[in-house]
Amino acid sequence: MASVVSAASYRCTSNGQVYYSDRPCGGQTQLQAYGPVRTYPQMTPYRPELPKAPEHLQYLSTACASINEAIRTGPSRGVRRDVIQGLYEEYRQKCSVEDREARSRVRQDQMRAEEQQQAERSQSRMAQQQAQVRSDRCDGMRDVIALKRKRETELNAKEIEALRSLERTYNDVCISR
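For the rest of this paragraph, the subject is the overall build of the protein. Assigned secondary structure in the protein consists of 4 helices and 3 strands. Listed by position from the N terminus, the elements making up the protein come as α-β-β-β-α-α-α. A total of 177 residues make up the protein; the buried ones form 19% of that total. Excluding contacts between residues fewer than 6 apart, the proportion of contacts in the protein whose partners are at least 24 apart in sequence is 42%. Carbon and sulfur atoms make up 50% of the accessible area of the protein, which totals about 14,300 Å².

So this is what it looks like as structure tokens:
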């Protein structure tokens with residue numbers, strides 16, 4: 001109620017009684033106060049955004065990973081700059097070799113994953129090419145069979161046997177795929 005009254009109100013008194021009104025005090029009342037109450041926005045302290053955890057963290061020892069996490073999350077937790085600087089120095093002294101090895105392992109993992117993706121793409125292309133070759137071969141056999149069947153009455157026994165062989169091959173290779 002106080003926020004509604006303080007939006008634009010008059011504080012008036014009448015016969016020793018205080019009351020609030022949205023209109024100026026009238027009659028034998030005396031104006032005590034006028035207008036909205038000043039409000040100040042509530043400020044929240046600035047907290048920097050928490051950066052993403054590094055990929056090599058999984059390859060660090062527990063001690064080095066803990067120091068790395070303390071450095072990474074320190075600013076967002078309000079840790080003083082001199083403390084973070086001390087953590088950097090400790091990390092550099094204790095974990096520099098381990099950090100390089102962990103980063104190297106991440107690069108190796110990435111290269112391995114990239115090689116695997118490339119192999120899968122290559123295998124997919126080869127499978128598509130083989131399917132296209134088989135499709136072209138089947139189309140050719142089907143065309144030859146259709147031509148031979150149109151002229152089947154004109155074919156000799158050896159040509160008819162070749163046609164039947166081609167039909168069996170077509171059925172085995174092309175129909176059952």
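The next thing to look at is the state of the cysteines. Cysteine pairs can be linked by a disulfide, which is a covalent bond between their two sulfur atoms. Within this structure, the stated rule accounts for 2 disulfides. Between the sulfur atoms of C138 and its disulfide partner C174 the distance amounts to 1.8 Å. Between C138 and C174 the disulfide shows an S-S torsion of about -95°. By sign, it is left-handed. Highlighted residues: C138 in helix α3 (residues 81–150) and C174 in helix α4 (residues 157–175), separated in sequence by 36 residues. For the residue pair C138 and C174, the accessibility class agrees, reading buried in each case.

All right, on to the packing of helix α2 (residues 62–77) against α3 then. Look at α2 against α3: their axes get within 9 Å of each other, and the N-to-C directions meet at 150°. As for the relative orientation of α2 and α3, their crossing is left-handed in sense. From α2, C64, I67, N68, A70, I71, G74 and P75 reach across to α3, where they touch I84, L87, Y88, E90, Y91, K94, C95 and E98. Partitioned by chemical class, the residues of the contact of α2 with α3 number 10 nonpolar, 2 polar and 3 charged.

The next thing to look at is the pattern of salt bridges. Under the criterion given, the structure shown has 11 salt bridges. Among the salt bridges present, the one from R149 reaches E167, with a minimum N-O distance of 2.7 Å. Here R149 is found in helix α3, whereas its partner E167 is found in helix α4, with 18 residues between them in sequence. Overall, E167 belongs to the buried group, its relative accessible area being 12%. Three or more residues are tied together by salt bridges with common partners; here these are R149, E152, R164 and E167.

What follows deals with the side chain of H56. Summarising the element assignment, H56 is placed in the loop between β3 (30–34) and α2. The class for H56 is buried, based on a relative accessible area of 4%. Here H56 is in contact with N68, Y91, D99, A102, R103 and V106, once residues within four sequence places are set aside.

Looking now at the pairing of strand β1 (residues 10–14). Both β1 and strand β2 (residues 17–21) contribute to a ladder of 5 bridges, which runs antiparallel. Across the sheet, residue C12 finds its bridge partner in β2, namely Y19. The turn joining β1 and β2, which pair antiparallel and follow one another in sequence, is formed by 2 residues; a positive phi near 55° is taken by N15.

Between the first and last C-alpha of α4 there are 25 Å, a value that for 19 residues agrees with the 27 Å anticipated at 1.5 Å per step. When α4 is considered as a whole, its buried residues turn out to be L163, E167, Y170 and C174. Seen end-on, α4 carries its buried residues on one side only, within an arc spanning 75°. In α4, the exposed residues that point more than 90 degrees away from the buried face are A157, K158 and D172. Among the structural elements, α3 are those in contact with the buried residues of α4. One side-chain oxygen of the residue at the start of α4 lies 3.1 Å from the amide nitrogen of K158, identifying that residue as N156.

Taking 1.5 Å per residue, 70 residues should reach 104 Å; α3 reaches only 91 Å between its end C-alpha atoms and comes up short. Of all the bends in α3, the greatest measures close to 75° and is centred on C95. For α3, every residue scored as buried is listed here: I84, L87, Y91, C95, D99, A102, V106, C138, M141 and I145. Packed against the buried residues of α3 are α2 and α4.

What counts, and where the lines are drawn
Residues numbered from 1 in each chain as written. Predicted model: local features only at pLDDT ≥ 70, side-chain atom pairs only at ≥ 80, totals over all residues. Heavy atoms only, no water. Helix = DSSP H or I, 4+ residues; strand = E, 2+ residues; numbered from the N terminus. Buried < 20%, exposed > 50% of the residue type's maximum accessible area, 1.4 Å probe, protein only. Contact = heavy atoms within 4.5 Å. Areas by Shrake-Rupley, 256 points an atom, 1.4 Å probe, with all protein chains shown as cover. Disulfide = S-S within 2.5 Å. Axes fitted to C-alpha atoms, helices over the stretch in contact; angles between N-to-C directions. Left-handed = near helix turned anticlockwise from the far one by under 90°. Nonpolar A, V, L, I, M, F, W, Y, C, P; charged D, E, K, R; others polar. Salt bridge = Lys/Arg side-chain N within 4 Å of Asp/Glu carboxyl O. Pairing = 2+ DSSP bridges. Expected span 1.5 Å × (residues − 1). Arc of directions from axis to C-beta. Polar contact = N/O pair within 3.5 Å; in protein donor to acceptor, adjacent residues only side chain to side chain. Bend = angle between axes of the 7 residues up to and from the residue.

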